[in-house]
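What follows is the residue order along each chain.
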Amino acid sequence: MSGGLPADAPAVADAVLLTEEQLRARVAEIGRRITTDYAGRDLVLVTVLRGGVFFLADLCRSIDLPLRLDFMAVSAYEHEAPTGAVRITKDLDEDIEGASVLIVEDIIDTGLTLNYLLGVLRQRGPASLEVAILLDRDVRRIVDLPIAYRGFSIKDRYVVGYGLDIRGRYRNLRYVATVRDEVVG
Ligand code: 5GP
């Protein structure tokens, strides 16, 4: 199916970039690595709502450790130069002081949002703070961040599916598809 489109694909989709099988295999592989790397530590997976929850749901079930999950929600400040500063509309419920925190995110583009969140969480005294990213698109990267776990590097196309949306829709596609240029505009 990679490259082509399933018959029931939405009209906004251009081509399948990552199939369900590719996603499943890669996520399971990352889960195995995290299981080894975080053995014996107090692991907390932190995900930013909403796009990251699909990756998180599959990833956490591939990790064989007694981990905790927590969520944040953010909204961008409108009408301001992009600095990555966001308003936290839902903060963590868990205390992460002394914990090994792994931020699980859907996609990193400029890196500004993640950079800001790393700064906020670092102030809370975690034992470690690392990032697991499903999709890495580095062409527009402004802040270079250390990424401990990376699913796929992708080219400069807007994508939907597996948690990623366009105008709130298509998060529930089981694959990742590129979006037709005229739709993104
Ligand atoms: P950054 O601060 O790295 O520029 O922004 C990352 C956020 O922008 C992601 O968490 C995601 O919400 C959104 N984003 C960036 N690229 C895409 C894309 O290709 N598709 C979708 N659906 N969202 C994107």
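Below you will find a few notes about this structure. (Residues numbered from 1 in each chain as written. Predicted model: local features only at pLDDT ≥ 70, side-chain atom pairs only at ≥ 80, totals over all residues. Heavy atoms only, no water.)

## Things to note about the sheet that holds strand 6 (residues 128-136)
Defined as follows: Note: two strands are recorded as paired if DSSP finds a minimum of 2 bridges between them. Per the convention used, a helix needs a DSSP run of H or I reaching at least four residues, while a strand needs a run of E reaching at least two, with both numbered from the N terminus. Whenever a helix is involved, its axis is fitted only over the stretch in contact; in every case the axis is a line through C-alpha atoms, and angles between N-to-C directions fall within 0 to 180 degrees. Contacts are residue-level and defined by heavy atoms, with any inter-residue pair within 4.5 Å sufficient.
If you trace the six strands from one edge of the open sheet to the other, you get 4-3-2-5-6-7, paired in mixed fashion. Two strands bound the open sheet, and with one partner strand each, they are strand 4 (86-90) and strand 7 (149-153). Ignoring which end each strand starts from, the neighbouring axes of this sheet average 30° apart. Along the sheet, helix 1 (residues 20-37) contacts strand 2 (43-49), strand 5 (100-108), strand 6 and strand 7; its crossing angle with strand 7, the most-contacted strand, is approximately 160°. Relative to the sheet, helix 2 (residues 53-60) contacts strand 2, strand 3 (68-76), strand 5 and strand 6, its axis offset from that of strand 2 by approximately 155°.

## Examining the site of the ligand
The line we're drawing: Throughout, the term near means that a residue has one or more heavy atoms lying within 4 Å of the molecule or strand in question. Pairs of N or O atoms are called polar contacts if they sit within 3.5 Å, as long as, within protein, a hydrogen donor faces a hydrogen acceptor (for residues adjacent in sequence, only side-chain-to-side-chain pairs). A cavity, in this analysis, means grid points on a 1 Å lattice covering only the protein atoms where a 1.4 Å probe fits yet has no way out; a pocket is instead an open set bounded by protein on both sides within 12 Å along at least five of seven lines, and a residue lines either one if it has an atom within 4 Å of a point. More than half of a molecule's atoms lying within 2 Å of a cavity's or pocket's grid points is what places that molecule inside it.
For the ligand, the set of nearby residues contains 14 residues, the closest of which are T110, T113, R137, V159 and D165. Backbone polar atom of D109 to an oxygen atom of the ligand: 2.9 Å apart, as the coordinates give it. In the environment of the ligand, a nitrogen atom lies 2.8 Å from a nitrogen or oxygen atom belonging to the backbone of V159. A majority-of-atoms criterion places the ligand in the largest pocket. Listing elements by their share of the shell around the ligand, those giving two or more residues are strand 5 and helix 3 (112-122). Among the elements that take part in the shell around the ligand, strand 5 stands out by supplying four residues, more than any other.

## Details of the sheet that holds strand 8 (residues 159-160)
Taking strand neighbours across the sheet as the criterion, the three strands line up as 1-9-8 in an open arrangement whose pairing is antiparallel. Every interior strand has two partners, whereas the edge strands, strand 1 (13-18) and strand 8, have only one. Where strand 1 meets strand 9 (residues 176-179), four bridges bridge the pair, whose relative direction is antiparallel. Across the sheet, the residue bridging to V16 is A177, located in strand 9.

## Description of the pattern of salt bridges
Note the threshold: Between Lys or Arg on one side and Asp or Glu on the other, a salt bridge is scored when a side-chain nitrogen of the former is within 4 Å of a carboxyl oxygen of the latter.
Applying the stated rule across the entire model yields 17 salt bridges. Between E94 and R68 there is a salt bridge; the shortest N-O distance is 2.5 Å. In this pair, E94 sits in the loop between strand 4 and strand 5 while R68 sits in strand 3, placing the two residues 26 residues apart along the sequence. Bridged by salt links that share partners, the residues D109, R137, R140 and D156 form one connected network.

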